[in-house]
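Listed below are the residues making up each chain.
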Amino acid sequence: MRKIPRDCTANVAIIAALGLPAIIGSAGLALDLNRGYEQRMFNQRVADMGALAAAMAYKANPQTTLLTPSARDIVIANGLADATVTASLIEDYPSSGDQAVKVVVTKPVPFTLGNIIGFSGSYSISAESYASVTAEAPYATPCFLAISNDSGQSAIKLTGGTSIVAPGCAVAAFQKIENDSTLIRAHDIVSGYGDISLTWGTLEAESLRFGGSLDRQPYSGTINVDENKRFNQTTDLNDPWAADATLLDAEAELDSMPGIPSCSSLGFASCGSAQTYNFDYNASNGLPRCSGDSSAYCMPAGNYVIDNFNISGGIDVHFASGSNIYINNTLYHGGDLIDFGDSNVYMSHGLSVGGGSEMIIGDGDVMIGADSSDRAVYVGGGARFFMGNGEFIADGTVQSDGGSAITFGKYANNYIDGDLLLSGSALFGSGRYTIDGNFENGSGSDPWPLTDLKGKTYGQTLEGESVSGYRMAGVDVSFVISGAFDLNGSANTKLVAPARSVAGAQIADLLLFSRTAQNTVWGGGSNNNFAGVIYLPESEVTMTGGNNTTNSGQCFSLVAARILLSGGAASGTACKSMEAAKGSSGSGEVRLIG
């Protein structure tokens, strides 16, 4: 008997037997937990589908009683008939003012082998999902937007027989909107943080929104807005172009304008032996005349390095296409016609086309440096300068006088390192125009179309769109400038922005941008037909003196620091909305957010 306590032969078996239930139970618990993890993944997928279904049902019919039944139908259809489903509408999620539908799917999972170590019954596995319901914006997207935060003055102000008509979009301002004139008609009139003031005329809209007060002088005006659509609450408006990367890149180019290449950089062999060319009536000048015409010269195709280009009155000069022509000194054109054909032309010290003269450069690059007065191109009264497609660079101001005409051809990006001052007719081919200066038009010239001395007609259409009858026109164009954009005199303008962006060239929807703080004036009886966005975030835009700024059934939008109308000016647009990326509220969407 004394040997029994010292006998260990059965200890391992006994310990194994005693531990076996715990081992099996632990393994069973692990199996049960793994089943629970798989169930949770399945629940999550079903909850996501249920949240989307409930959100779409709510969007179609905004009744919260529809949420849980809509979600439950999806859950049951996916095989979870015994799951508990709850759906609710959550306000201010994920951001203030937003709404979301929250769906929770809970399913019991029974213990199996876990019973061995004391786990009985079942445990619940839940999954939740959120689907946003981006509601319709309470007001339409602004197409007239004044973004000045100066509360001391009106951001939008109408006086003296003026009107803004924009029935499909909003007229909006960060601060006060004041109508002391004829009419503001819009889908909505919105003053984000200021007053809406009516001292004369009519306000007509689906809604009025004002962060300050609605001031109407007794018996002095009419408000055609339902009482229950007048909301005294602040509205957070935003500058829709402030962070546009494409625009910021384009603006940066104003600080890195290209110059005019030197003769040697172009690889001309005769740069050091430039000659003077005298195109006159002297029969012994050695230059080739056109057959049978003593007043016309016909230059063969080639590379020309010209020191002084002299032309007498009544003389025509024709260069064959395919030429490369470099002119060292200012070209003063006082003859009848200089026709460079489809050639590349470089003028290092400016061009002056005198009254009654005509210059034609077909398809090819045109690069012109500045003269001693920092002027690259001057087109005098009655003169005409026609350019075909190709790159245009002016290293100085481009100026035209009344009665003249100038065309710019189609190219990705044309550069003017100076002002663009137009008093004559002007035509802009498709592309971007980068102008480090002011852009002014006060044209009093013949409207397009015009025909050159070779019989070619310009300005009937551009990019398939009629521009006939206008004095300044461009289609599929974006202007990025550093100075003011002023329109005066009898300017009759049609400018249409691109429908799509092209890398390094046009910017979709953008017609013109400038960050200048100079005032912008459209006046003097000018008539503007614009399609696209004019973005002048730091400029006060004044339409006055009978100016009419509108569109031809297309969308025109003006975003400026302040917008002022006076003296019979009128403005309008056919906009219903702008591109979503530029501040549109969109039509509402449903999406998973968590």
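Residues numbered from 1 in each chain as written. Predicted model: local features only at pLDDT ≥ 70, side-chain atom pairs only at ≥ 80, totals over all residues. Heavy atoms only, no water.

## Focus: the pairing of strand 42 (residues 492-496)
By the criterion of burial, strand 42 is predominantly enclosed, with 5 of the 5 residues buried. Residues Asn492, Lys494 and Val496 of strand 42 are buried on one face, and the alternating residues Thr493 and Leu495, pointing to the opposite face, are buried as well. In this sheet, strand 42 lies alongside strand 39 (residues 472-475) in parallel orientation, the contact comprising 4 bridges. Within the sheet, the bridge partner assigned to Val475 lies in strand 42 and is Val496. (Buried < 20%, exposed > 50% of the residue type's maximum accessible area, 1.4 Å probe, protein only. Helix = DSSP H or I, 4+ residues; strand = E, 2+ residues; numbered from the N terminus. Pairing = 2+ DSSP bridges.)

## Some details on helix 2 (residues 67-77)
Taken residue by residue, helix 2 has Leu67, Thr68, Ser70, Ala71 and Val75 as its buried positions. For helix 2, the buried positions fall inside an angular range of 165° around the axis, keeping them on one side. Away from the buried face of helix 2 by more than 90 degrees, exposed residues Asp73 and Ala77 are located. Taken from the residues just after helix 2, Gly79 is the one with a positive phi, measuring 90°. (Arc of directions from axis to C-beta.)

## Digging into unusual backbone geometry
Going from Trp448 to Pro449, the amide bond is cis rather than trans, its omega being 10°. Looking at the secondary structure, you find Pro449 in the loop between strand 34 (439-441) and strand 35 (450-451). Of note, the phi angle at Asp374 is positive, near 65°, even though the residue is not glycine. Among the structural elements, Asp374 can be located in the loop between strand 24 (366-368) and strand 25 (375-379). Positive phi values are uncommon outside glycine, yet Asp476 reaches one of about 65°.

## Points about the environment of Asn529
Its place among the elements puts Asn529 in strand 45 (residues 527-543). Side-chain polar atoms of Asn529 contact the side chain of Tyr470, separated by 2.9 Å. (Polar contact = N/O pair within 3.5 Å; in protein donor to acceptor, adjacent residues only side chain to side chain.)

## Thoughts on the state of the cysteines
The tally for this structure, following the rule as stated, stands at 3 disulfides. Here Cys263 engages in a disulfide with Cys271; their sulfurs sit 2.0 Å apart. Linking Cys263 and Cys271, the disulfide has an S-S dihedral of approximately -90° and is accordingly described as left-handed. Taking the relative accessible area as the measure of exposure, Cys271 reaches 23% and is therefore partly exposed. A disulfide bridge connects Cys290 with Cys298, and the sulfur atoms are separated by 1.9 Å. (Disulfide = S-S within 2.5 Å.)

## Details of the pattern of salt bridges
Scanning the model with the defined rule gives 11 salt bridges in all. Here Lys107 ties to Asp82 by a salt bridge, and the two come within 3.0 Å at their closest N and O atoms. Taken together, the positions of Lys107 in strand 2 (residues 99-110) and Asp82 in the loop between helix 2 and strand 1 (84-91) put the pair 25 residues apart, joining distant regions of the chain. In this structure, Arg384 engages Glu358 in a salt bridge whose closest nitrogen and oxygen atoms are separated by 2.9 Å. Separated by 26 residues along the polypeptide, Arg384 in strand 26 (residues 384-387) and Glu358 in strand 23 (residues 358-361) bring together distant segments of the chain. By the burial criterion, Arg384 is buried, and Glu358 matches it. (Salt bridge = Lys/Arg side-chain N within 4 Å of Asp/Glu carboxyl O.)

## Comments concerning the packing of aromatic side chains
If you walk through the whole model with that rule in mind, you get 28 aromatic pairs. When the ring of Tyr433 is compared with that of Phe479, the centres are 5.2 Å apart and the planes differ by 25°; the resulting orientation is stacked. You can see Tyr433 sitting in strand 33 (residues 431-435) and its partner Phe479 sitting in strand 40 (residues 477-481), a full 46 residues away along the chain. Owing to a relative accessible area of 0%, Phe479 belongs among the buried residues under this scheme. Centre to centre, the rings of Phe530 and Phe556 are 5.7 Å apart; their planes meet at 55°, and the pair counts as tilted. One end of the pair, Phe530, is in strand 45; the other, Phe556, is in strand 47 (residues 556-565), and 26 residues separate them in sequence. Each member of the pair, Phe530 as well as Phe556, is classed as buried. Three or more aromatic residues link up through ring pairs in this structure, and these residues are Phe144, Phe392, Phe408, Phe428, Tyr433, Phe439, Phe479, Phe485, Trp522, Phe530 and Phe556. (Phe/Tyr/Trp six-rings, centres within 6.5 Å; stacked < 30°, edge-to-face > 60°.)

## Topic: the confidence of the model for the chain
Chain-level pLDDT for the chain is 88 on average; 87% of the residues reach the 70-or-more range. Segment residues 577-588: pLDDT under 50, and 27 contacts once partners within four positions in sequence are set aside and those in other chains are kept. (pLDDT = per-residue confidence, 0-100. Contact = heavy atoms within 4.5 Å.)

## Quick notes on the nonpolar core
One finds Phe279, Phe309, Phe340 and Phe428 to be the most contacted residues of the largest nonpolar core, which totals 89 residues. Judged by nonpolar contacts, the second largest core, of 20 residues, contains Val46, Val85, Val101 and Ala131. (Core = buried A, V, L, I, M, F, W, Y, C linked by side-chain atoms within 4.5 Å.)

## What about helix 3 (residues 245-252)?
Three or more residues of helix 3 are buried, namely Leu247, Ala250 and Glu251. Down the axis of helix 3, the sector holding all buried residues measures 100°, keeping them to one side. As for helix 3, its buried residues are in contact with strand 33, strand 40, strand 43 (510-514) and strand 45. Its side-chain oxygen at 3.2 Å from the backbone nitrogen of Thr246, Asp244 defines the N-terminal cap of helix 3.

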